[in-house]
Amino acid sequence: MKILNGKVEELVDPTGIIDGQRYEFLLTVQFDEDDELFNEEGTGLRLLYSVKDGQRKMMTYQFYELATESTFDLEWDEDEQATAEQYCTEHFPQI
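Here is a short report on the structure shown in this document.

1. Describing the packing of aromatic side chains
So, point 1. All chains considered together, the criterion is met by 8 aromatic pairs.
So, point 2. Ring centres 5.6 Å apart and planes at 70° place the aromatic pair Phe25 and Tyr49 in the edge-to-face group. Of this pair, Phe25 sits in strand S2 (residues 21-30) while Tyr49 sits in strand S3 (residues 43-52); the two residues are 24 residues apart in sequence, bridging distant segments of the chain.
So, point 3. Of the residues examined, Phe25 reaches a relative accessible area of 0% and is grouped as buried.
So, point 4. For Tyr49, a relative accessible area of 7% corresponds to the buried category.

If you want it as structure tokens, here you go:
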């Protein structure tokens, strides 16, 4: 998996129900044609992080087709997870 680009945004809870902060990473990723996650329309990866008391924790991730935003119900392997987490660590906003 190769990360082509990405963006991060803080998700604001106007109700104040959620304790801590939440961040959403939206990444555009590329897979080899023989990978089960390969999609000709392009693939996105959405990751949600929680930050509480200075501790970051990935809460969830989701692969999706860029053109339709339809999600894939597939799990990632250790290399894909490590690549995504490294990208997020390097691009995490200062908190």
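There is more to say, and it comes next.
2. Section: the nonpolar core
So, point 1. Within the largest apolar cluster, 17 residues are counted, with the highest numbers of intra-cluster contacts made by Phe25, Leu27, Val29, Leu45, Leu47, Tyr49 and Phe63.
So, point 2. Of all elements in the fold, only S2, S3 and helix H1 (78-91) reach the threshold of two or more residues within this core.
So, point 3. Sequence-distant contacts of Val29, defined by excluding residues within four places in its chain, comprise Met1, Lys2, Ile3, Leu4, Thr43, Gly44, Leu45 and Phe63.

3. Quick look at the environment of Leu66
So, point 1. By the element assignment, Leu66 lies in the loop between strand S4 (55-65) and strand S5 (71-72).
So, point 2. With relative accessibility at 33%, the residue Leu66 sits in the partly exposed group.
So, point 3. For the pair formed by Leu66 and Val29, sequence separation is 37 residues and the distance between their alpha carbons is 9.7 Å.
So, point 4. Setting aside residues no more than four positions away along its own chain, Leu66 makes contact with Thr28, Glu41, Gly42, Thr43 and Gly44.

4. Thoughts on the sheet that holds S2
So, point 1. The strand order S1-S2-S3-S4-S5 describes an open sheet built from 5 strands, whose pairing is antiparallel. What marks the edges here is a single partner per strand, and that holds for strand S1 (2-11) and S5.
So, point 2. Note: S1 against S2, 9 bridges, orientation antiparallel. Directly across from Glu10, in S2, lies its bridge partner Tyr23.
So, point 3. Here H1 sits on the sheet and contacts S1, S2, S3 and S4; the angle it forms with S1, its principal contact strand, is near 55°.

5. Focus on the pairing of S4
So, point 1. The pairing of S3 with S4 spans 10 bridges and is antiparallel. Bridging across to S4, Leu48 finds its partner in Thr60.
So, point 2. Alignment of S4 against S5, held across 2 bridges, turns out to be antiparallel. Bridging from a neighbouring strand, Tyr64 pairs with Thr71 of S5.
So, point 3. Hairpin geometry of S4 and S5 is characterised by an intervening segment of 5 residues between the two adjacent antiparallel strands and by a positive phi of about 65° at Glu69.

Definitions and cut-offs
- Residues numbered from 1 in each chain as written.
- Predicted model: local features only at pLDDT ≥ 70, side-chain atom pairs only at ≥ 80, totals over all residues.
- Heavy atoms only, no water.
- Phe/Tyr/Trp six-rings, centres within 6.5 Å; stacked < 30°, edge-to-face > 60°.
- Helix = DSSP H or I, 4+ residues; strand = E, 2+ residues; numbered from the N terminus.
- Buried < 20%, exposed > 50% of the residue type's maximum accessible area, 1.4 Å probe, protein only.
- Core = buried A, V, L, I, M, F, W, Y, C linked by side-chain atoms within 4.5 Å.
- Contact = heavy atoms within 4.5 Å.
- Pairing = 2+ DSSP bridges.
- Axes fitted to C-alpha atoms, helices over the stretch in contact; angles between N-to-C directions.

On their own, these measurements won't tell you what the molecule is for.
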